[in-house]
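A structural walkthrough
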Amino acid sequence: MPPGSLAILRAPAGEALGLVTFNPHSLIAARLLTSNPEATVDALFLGRRLAQAASLRDRLVGVPFYRLIHAEADGLPGVIVDRFGDALVVQVNTAGMEQLTPVLLEALEAELSPKTIVLKNDAPVRELEGLKRETVVAKGEAGPVELIENGARFVADLSSGQKTGWFYDQRDNRRFMAGLAKDARVLDVFSYSGGFGVLAARQGAKSVVCVDRSQPALDAAREAASLNGVDRIVSFEKSEAFDALEKSAGQRFDVVICDPPAFVKSRKDLKTGAQGYRKLVRLAAPLVEKGGFFFVASCSHLVDVPLFAEQVRRGLRDAGRSGRILLSSGAALDHPVHPGLPETAYLKAMTLQLD
Ligand code: SAH
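Residues numbered from 1 in each chain as written. Predicted model: local features only at pLDDT ≥ 70, side-chain atom pairs only at ≥ 80, totals over all residues. Heavy atoms only, no water.

With that settled, consider empty space enclosed by the protein. Taken as a whole and assessed by the stated rule, the structure comprises 1 cavity of 30 Å³ or more. The computed volume of the largest cavity comes to approximately 30 Å³. Every residue lining the largest cavity is listed: Thr21, Phe22, Asn23, Ile28, Ala29, Arg31, Thr94, Gly96 and Glu129. (1 Å grid on protein atoms, 1.4 Å probe; cavity = no way out; pocket = protein on both sides within 12 Å on 5 of 7 lines; lining within 4 Å. Points joined across faces, edges and corners; volume = space filled by probe spheres on them.)

Set out below in structure tokens:
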């Protein structure tokens, strides 16, 4: 069967387990679409899943800016859809979903009639599925759009931004941290387009420094700062994060936020990658004022909660700091997890108060 074919998956005894997409070249050869082996996978079928996912998000988030489809958890393995009002960014990551893309586009059209659809098919995982990496504007015009999150305005570039253009997964963590930031001096490291820092400024931070190595990300953060009337509070530093932390030794902030990219991308770099979190904590914790707050996250799906907690503990010990864990959290609710796939809960975050 060619990669991406629809197939019926059977138990050794012959019992049909359901309808799957099949790829002989991937370690995950079969991905379950439905336990009904007779189902017809057409625009109506996909449309029902989209409608269900959309009604959940409308209830959870309230504004049309969210992760609409989170793959298996929403019954659509191999697909991510982020919604920015009437623009959608779709990531197709499996051969099965690649085959179904025309039907998916038809279903998206029928359910949401978006003005813009971008197929941001540039994830490295596509190569494991034998697919090429490309970004295609399937409808309308791509480019920067405005979004609303936690009542603040932000900017995402749907074609040239990182991933889908915005990291909705930190929505709830951003709100929590902003709630701690009144009158605070805030350092937002790996800031991307200001999701944490600009919100903190809007909620009364005294000063915010956003550090990132990407100029386009910082440009979007600057724009967000001015859209929210906090451009005099937020400043920007284009820098390698670890260099910036080392250079800042001796300074003090009331809130330090570190939300790095995944340090562990494959099982073979688990050990060295995981140590990156320890080093990050070692360099960032000393910048936290006594009694201040420290947020650190990991989006490496191979780093589980106990391993992450261990790296944080060691980093704090290296830095000679202690304190208390206030919150261990994960991704926002529009990133649900399939009960059979706990490893898809990739985001771990910890907020501490440091002594
Ligand atoms: N905190 C952000 C998301 C961070 S994504 C938010 O709330 O939206 C990771 C960010 O780290 C990206 O913006 C990327 O440009 C930046 N980055 C990656 N490696 C870096 C490095 N070595 N130094 C500084 N920034 C880096």
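What the second largest pocket holds in volume is close to 210 Å³. For the lining of the second largest pocket, the secondary structure elements donating two or more residues are β10 (152-157) and α6 (215-227). (Helix = DSSP H or I, 4+ residues; strand = E, 2+ residues; numbered from the N terminus.)

Moving on: the sheet that holds strand β16 (residues 323-329). Pairing within the open sheet is mixed, and its 7 strands lie in the order β13-β12-β11-β14-β15-β17-β16. Every interior strand has two partners, whereas the edge strands, β13 (234-238) and β16, have only one. Within the sheet, the average angular offset between the axes of one strand and its neighbour, ignoring direction, is 15°. Seen against the sheet, helix α8 (residues 270-284) touches β14 (253-258) and β15 (288-298) and runs at an angle of roughly 160° to β15. Its contacts with the sheet put helix α9 (residues 305-319) on β15 and β17 (348-354), and the angle it makes with β17 is roughly 30°. (Pairing = 2+ DSSP bridges. Axes fitted to C-alpha atoms, helices over the stretch in contact; angles between N-to-C directions. Contact = heavy atoms within 4.5 Å.)

Along the chain, Pro2 falls in the segment before β1 (5-10). Since its relative accessible area comes to 54%, Pro2 is described here as exposed. Here the alpha-carbon distance between Pro2 and Glu72, two residues 70 residues apart in the chain, equals 22 Å. (Buried < 20%, exposed > 50% of the residue type's maximum accessible area, 1.4 Å probe, protein only.)

In this section: the pairing of strand β5 (residues 79-84). Across the 6 residues of β5, 6 count as buried, placing the element largely inside the fold. Alternating residues of β5 divide into Val79, Val81 and Arg83 and Ile80, Asp82 and Phe84, and every residue in both groups is buried. For strand β4 (residues 65-70) and β5, the ladder comprises 5 bridges, and the chain directions are antiparallel. When the sheet's bridge partners are listed, His70 is paired in β5 with Ile80.

Close contact between helix α1 (residues 43-60) and helix α2 (residues 95-112) brings their axes to 8 Å; oriented N to C, the two are set at 55°. By the criterion of interaxial angle, the relationship of α1 to α2 is oblique. Crossing of α1 against α2: the hand is right-handed. When α1 is examined against α2, the residues Ala43, Leu46, Gly47, Leu50 and Ala51 are found in contact with a partner set consisting of Leu100, Val103, Leu104, Glu106, Ala107, Leu108 and Glu111. In terms of residue class, the contact of α1 with α2 is built from 9 nonpolar, 1 polar and 2 charged. (Parallel < 35°, antiparallel > 145°, perpendicular 65-115°, else oblique. Left-handed = near helix turned anticlockwise from the far one by under 90°. Nonpolar A, V, L, I, M, F, W, Y, C, P; charged D, E, K, R; others polar.)

Right, let's get into a nonpolar patch on the surface. A cluster of nonpolar side chains, Leu56, Leu60 and Leu333, forms an exposed patch at the surface whose accessible area comes to about 250 Å². In this fold, Leu56 is placed in helix α1. Owing to a relative accessible area of 36%, Leu56 belongs among the partly exposed residues under this scheme. (Patch = residues over 30% accessible without salt bridge, like charges linked within 9 Å, V, L, I, M, F, W, Y side chains within 5 Å. Areas by Shrake-Rupley, 256 points an atom, 1.4 Å probe, with all protein chains shown as cover. Salt bridge = Lys/Arg side-chain N within 4 Å of Asp/Glu carboxyl O.)

Turning our eyes to something else, we now look at the environment of Ala217. Tracing the chain through its elements places Ala217 in helix α6. Owing to a relative accessible area of 3%, Ala217 belongs among the buried residues under this scheme. As a C-alpha pair, Ala217 and Ala156 span 61 residues in sequence and 8.8 Å in three-dimensional space. Setting aside anything within four residues of it in sequence, one finds Ala217 in contact with Tyr192, Ser193 and Asp212.

Quick look at the site of the ligand now. Taken together, 15 residues lie around the ligand, and Gln162, Arg174, Asp212, Ala241 and Asp259 are the ones closest in. Within the side chain of Glu240, one N or O atom sits 2.9 Å away from a nitrogen atom of the ligand. One of the backbone nitrogen or oxygen atoms of Ala241 is found 2.8 Å away from a nitrogen atom of the ligand. Residues that form the shell around the ligand fall into these classes: 6 nonpolar, 4 polar and 5 charged. (Near = heavy atom within 4 Å. Polar contact = N/O pair within 3.5 Å; in protein donor to acceptor, adjacent residues only side chain to side chain.)

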